[in-house]
Amino acid sequence: MPIESTAGYMVPAVSSTVLTDPFGQLSLDLSNSELRETAYEIFVGACRSPGGSRPLTYVSQSSGKSSDRSSSSLPSLQRSLTLTAASKVKKALGMKSKKKNSDRPVTEDRPATVGELIRVQMRISEQVDSRVRRALLRIAAGQLGRRIESIVLPVEFLHQFKSSDFPTQREFEVWQRRHLKVLEAGLLLHPKLPLDRKDTSAQQLRQIIRGAREKPMETGKHSDAVQTLRAVTTQLACRSIDDYAPDTCHWADGVPLNLRLYQVLLEALFDVEEPTSMIEEVDEVLELIKKTWGILGIDQKFHNLCFSWVLFNHYVCTGQVEDDFLFAADNLLLEVKKDAKSTLDSGYSKILCSTMNSMLEWAERGLLAYHESFYRSNIDIMRSILSLGLSAATVLAEENPRENGTMNVTDVANAKVDIYIRSSMRKAFCQESEKVRVSRKSAKSQLNNLPALCMLAQDVTDLAFTEKEIYSPILQTWHPLAVGVAVATLHSCFGQEVQKFVSGIKELTPDIIQVLISADKLEKDLVQMAVEDSVNSDDGGKSIIQEMTPYEAEAVIVDLVKSWIKIRVDRLEEWVDRNLQQEVWNPKANRERFAPSAVEVLRTIDETLEAFFLLPIPMHPDLLPGLMNGLDKCLQDYILKAKSGSGSRSSFLPVLPPLTRCDGGSKLGVFKKKDRSHILQRSKSRLNTIDDNDSYDITRLCVRVNTFNHIRKDLEVLEKRTITHLKSIGIREGSIVDGSRKNFKLSSSTCVEAIRQVCEATAYKLVFHELSHVFWDGLYTGELSYSRIEPFLQELEQNLEIIAETVQDNTIRTRLITNIMRASFEGFLLVLLAGGPSRNFTLDDALIIQEDFRFLMDLFWSNGDGLPRELIDRHSVLVKGVLPLFSSDTASLIETFKCLMIDSHGSSTKSRLPLPSTADQWGPSEPNTILRVLCHRNDKAATTFLKKTYNLPKKL
């Protein structure tokens, strides 16, 4: 954007001063000085008194001061230059009348008359001026009564002077050559009426001019050559068409010669000593200049067109310093537009279009990049240049309706401004983009580490607000949605950068999110400006808003974050599978006795959550559930896989053998002490085959329980940290608490269930697998005195000590030991009721059984250091209810059994009792329980009943 220099000089609004000449080339090398002299001759000749009633007097160069010389000069030029009223011309053109510079010295050479002023303004020497006036006096004397328009001035000037009238021969030849070139231009190259190729006069004139180039022509009153020239030129100049003035010579009214000469005359209105000023006597001089219209073929519409061009051209050529010239040209174009509508002259139309094209071409150099050309200090110039350019564009549209297609002329200005806005905004955007690129490249040590697009987004925002503040108020005169178009263009330009940026994203980083958030903020600002600008438009701004294809930066962020989440969840899943395969569940892995893999899983989850909240995004609450669900499923997967293979209650319970009966009166299954040692030896042999590295032994199962409990506790910590993170980004506490309850829901519930299942599996594995050699295989097999519960209690106590040392949490330890107690009680009943044919009990054995069960309960109570008495009592109710059956006599048991079967199956069962089904739970009043007591009763009555009623075998 242009800036004001320290010296106060304003850089031109439009840098280019090259203008396309609208009047066309003369096809002849007439210099500017030659054109000025010719124009001056025409001007002075046209200003003589009408009809030549008063002779033009000549004052010699030596006759004194200019004021004396001019006293007898042309009447219209004799008025003295005095202070006059404010210029009507300037006022009509909207120009300011400048005050006279009081510091400017008044000299004796200051022009005293209008004629002298014109001479000075046109830079005509006094010698040339004297020669012109003398010639005109002679011409007037020799052709009394003839109008100046009826004579061919160059020929007449050649007739009045010969070589001896000039100081040197060279000066004479230059003077003669100029007049001949003017005749060539006006009669041969650019005639008013087209020439016939066969015209002999034209051929003669060409020969005369060609001969004069080789050898100067003899001129003067008695020159035959001049007489011939007069005859030929008169023949060419007096050609006319119907209704054309028969007494008018057309030697200087052909385009572009006439326009060139008239332009020279109009340029005399600008102060020759101070080019950025117009002379104060503009009204008087302009009136005199208009006297040349008859000779030059100029009328009011050509005058308006030429004058507007001259004002405009002078503004540009003088460095665009005096804005009044631009304002005046713009104001005069209003008249030109009126003239264009009221004339059908094709010649005028051609010059009009050429002039308008030249003006428009120059104006658009600035308007197509108005940010580079205009700024706050010269914004008024933009209004004038824009007005001038749009006036020119409108005139061109009216002159060439076909080029605009279906567009109405009234829409031309709107369409042009639309183009200027979009072009300028695109160029301004490119400049800002390049500045950011250069600054980022050159400022390696800068403290500003913002990504380039973030900086560009801020610059674009500033650019949009600058546009709205400075430029749009002017542009809205012709385009009601100027702000909307500007921001839509910026939106599109930045959108292309966003698309390229997004297409190159490989992974999510804070810089990427920062860029997308900046893009989203910019888009919202631009859309808001467009909406505000188009509130009162016909379509409510829909067309502009629809043009602004959304960046969808938030959607891109969401997709990137979701992808980020998926990548980390997938990595965690892979890590879970890989590390669980390597986990040994060694209780000595750490002091807390839980798996290192769980520590790593939880650490990874914590780091992932920390990284998530470090992402500079505004939608943490919306995306958090997706992250939590993924992490939750990973952790649940870890728990499920860690739990799998640990077994369950049913997998360790022994298969119940079919019902058999004892042989009453004999000691079936009674073993000697040596036989007992054989069983123990067999159990030890089996134990020696157990793999010490079994990942599902009791201590390793305890580590799993510890691990699940550690996870459950750490989840509470993670949830609290998550709430803290959410609070830090401004989420209300109420909504945080409600949302956090759903965090790690699957993992939490799976942990609880895993602890329950593994505790139960550990208990039943310990009782029915690890201790099966002293419990299921050894308890009460054979002679009771050699197979009581002491061996089981000893090994169970050792394992309980190991478990107590391995399981760190009191609550989990109590739960596990409770499960072991429950498994032990259940196993005790299984031994008594489903121990198979190796278990036979007499009534006397009931006391031993009750005593052993007390020993078992005492082990878990451990003199108050173990489980609470209430807990032990609650879980021992079933066993205590069944044990009295072993002390009941056989007859009462049989009678009770029969009554229960009849009650449940009806009186029809008296003749033959059905075999009771195995109940879900043992009980003192449950038929299957009583029948099993009878099956293990070692007396004749029980054996006889079972044989007679069910024909049960003694053994399988």
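(A) Expanded view of the packing of helix 10 (residues 257-267) against helix 13 (residues 300-317). Where helix 10 meets helix 13, the axes come as close as 10 Å, and the angle between the chain directions of the two elements is 60°. In this view, helix 10 runs oblique relative to helix 13, as classed from their interaxial angle. Here helix 10 and helix 13 pass one another in a crossing that is right-handed. Contacts between helix 10 and helix 13 pair Leu-259, Tyr-262, Gln-263, Leu-266 and Glu-267 from the former with Phe-302, His-303, Cys-306, Phe-307, Trp-309, Val-310 and Asn-313 from the latter. Grouping the constituent residues of the contact of helix 10 with helix 13 by class yields eight nonpolar, three polar and one charged.

(B) View of the environment of Glu-173. Within the secondary structure, Glu-173 is located in helix 7 (residues 169-189). As for Glu-173 and Ser-163, which are separated by 10 residues in sequence, their C-alpha atoms are 7.9 Å apart.

(C) How the structure looks around the nonpolar core. If you look at the biggest cluster of nonpolar residues, it comprises 286 residues, and the most contacted ones within it are Trp-251, Phe-494 and Phe-612. Top element by residues in this core is helix 32 (residues 810-834). It accounts for 14 residues. For Phe-494, the contacting residues outside a window of four places in its chain are Phe-429, Leu-453, Leu-456, Ala-457, Val-460, Ala-519, Leu-522 and Tyr-551.

(D) Seen up close, the pattern of salt bridges. This structure, assessed with the given rule, holds 47 salt bridges. Glu-280 serves as the salt-bridge partner of Lys-90, at 3.2 Å between the closest nitrogen and oxygen. Placement of the pair is Lys-90 in helix 3 (residues 88-93) and Glu-280 in the loop between helix 10 and helix 11 (282-289), with a sequence separation of 190 residues. As a salt-bridge pair, Asp-525 and Lys-521 come within 3.2 Å of each other at their nearest N and O atoms. A residue pair is termed a helical-turn pair when its members lie 3 or 4 positions apart in one helix, as Asp-525 and Lys-521 do in helix 21 (residues 510-533) at four residues. Given a relative accessible area of 22%, Asp-525 falls into the partly exposed group. Connected through salt bridges with shared partners, the residues Asp-29, Glu-34 and Lys-181 form a single ionic network.

(E) Region of the structure containing the confidence of the model for the protein chain. Averaged over every residue, the pLDDT of the protein chain is 85; the share at 70 or more is 86%. Counting contacts from residues 665-676, a segment whose pLDDT is below 50, to residues more than four positions away or on other chains yields 23 contacts. Here residues 737-741 scores under 50 on pLDDT; set against residues more than four positions off or in separate chains, the count is two contacts.

(F) Geometry of helix 37 (residues 940-950). Where helix 37 is concerned, the buried positions are Ala-942, Thr-943, Phe-945, Leu-946, Thr-949 and Tyr-950. For helix 37, the angular spread of the buried residues around the axis is 165°, confining them to a single face. Looking at helix 37, the residues exposed on the side facing more than 90 degrees away from the buried face are Lys-940 and Lys-948. Buried residues in helix 37 make contact with helix 35 (890-905) and helix 36 (927-935). Just beyond helix 37, the residue with positive phi is Asn-951, at close to 55°.

(G) A look at a nonpolar patch on the surface. There is a patch of nonpolar side chains on the surface, built from Val-531, Val-535 and Ile-545 and spanning about 220 Å² of accessible area. For Ile-545, the location among the structural elements is in helix 22 (residues 542-547). We classify Ile-545 as partly exposed; its relative accessible area is 31%.

(H) Local environment of the state of the cysteines. Evaluated as defined, the whole model comprises zero disulfides. Cys-493 takes part in no disulfide bond, and the closest cysteine sulfur, belonging to Cys-430, lies 6.3 Å away.

Conventions used here
Residues numbered from 1 in each chain as written. Predicted model: local features only at pLDDT ≥ 70, side-chain atom pairs only at ≥ 80, totals over all residues. Heavy atoms only, no water. Axes fitted to C-alpha atoms, helices over the stretch in contact; angles between N-to-C directions. Helix = DSSP H or I, 4+ residues; strand = E, 2+ residues; numbered from the N terminus. Parallel < 35°, antiparallel > 145°, perpendicular 65-115°, else oblique. Left-handed = near helix turned anticlockwise from the far one by under 90°. Contact = heavy atoms within 4.5 Å. Nonpolar A, V, L, I, M, F, W, Y, C, P; charged D, E, K, R; others polar. Core = buried A, V, L, I, M, F, W, Y, C linked by side-chain atoms within 4.5 Å. Buried < 20%, exposed > 50% of the residue type's maximum accessible area, 1.4 Å probe, protein only. Salt bridge = Lys/Arg side-chain N within 4 Å of Asp/Glu carboxyl O. pLDDT = per-residue confidence, 0-100. Arc of directions from axis to C-beta. Patch = residues over 30% accessible without salt bridge, like charges linked within 9 Å, V, L, I, M, F, W, Y side chains within 5 Å. Areas by Shrake-Rupley, 256 points an atom, 1.4 Å probe, with all protein chains shown as cover. Disulfide = S-S within 2.5 Å.

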